[in-house]
Amino acid sequence: MYSLSTTPSDVSRALAERHKLLRKHLKLSQIEMAERSGVSLGSLKRFENTGKISLESLLKLAHLMNRLEDFEKVFQAQEDQSGIENLFTSKV
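Source: prediction; values computed, not measured.

**Student:** Hey, could you go over the overall build of the chain for me, with residue numbers and the actual values?
**Tutor:** Tallying secondary structure elements over the chain gives five helices and zero strands in all. Along the chain, from the amino end to the carboxyl end, the secondary structure elements read α-α-α-α-α. Residue burial in the chain is summarised as follows: out of 92 residues, 20% are buried. Summarising the internal contacts of the chain: among those between residues at least 6 apart in sequence, 46% fall at separations of at least 24. Taken as a whole, the chain presents about 7600 Å² of accessible surface, with 55% of it coming from carbon and sulfur.

**Student:** Which residues make up the side chain of His19, and what values do they have?
**Tutor:** Within the secondary structure, His19 is located in helix H1 (residues 8-25). Look at His19 and you get buried, because its relative accessible area is 6%. If near-sequence neighbours (up to four positions away) are discounted, His19 is found in contact with Met33, Leu44, Phe47, Glu48, Leu61 and Met65.

Cut-offs applied
Residues numbered from 1 in each chain as written. Predicted model: local features only at pLDDT ≥ 70, side-chain atom pairs only at ≥ 80, totals over all residues. Heavy atoms only, no water. Helix = DSSP H or I, 4+ residues; strand = E, 2+ residues; numbered from the N terminus. Buried < 20%, exposed > 50% of the residue type's maximum accessible area, 1.4 Å probe, protein only. Contact = heavy atoms within 4.5 Å. Areas by Shrake-Rupley, 256 points an atom, 1.4 Å probe, with all protein chains shown as cover.

Here it is, written out as structure tokens:
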């Protein structure tokens, strides 16, 4: 399937890459990151290689790197909700 818009896989892989770069910038090895965050080393490696990780583990990693507040705006309501209402109104 071809699409010009960003896919969930694109976002997860980009997120994993940014995480890996930040981890290295903080001079943390994968082993140290896993131990300090409470995320298994296998989960951390899988995340950095594939972008796949549980939400709980992702939040633990973000917390360790002092980036938990980055998630505060996810799913936050927008000011103008008129467009969303149109999705659920019947046009019969």
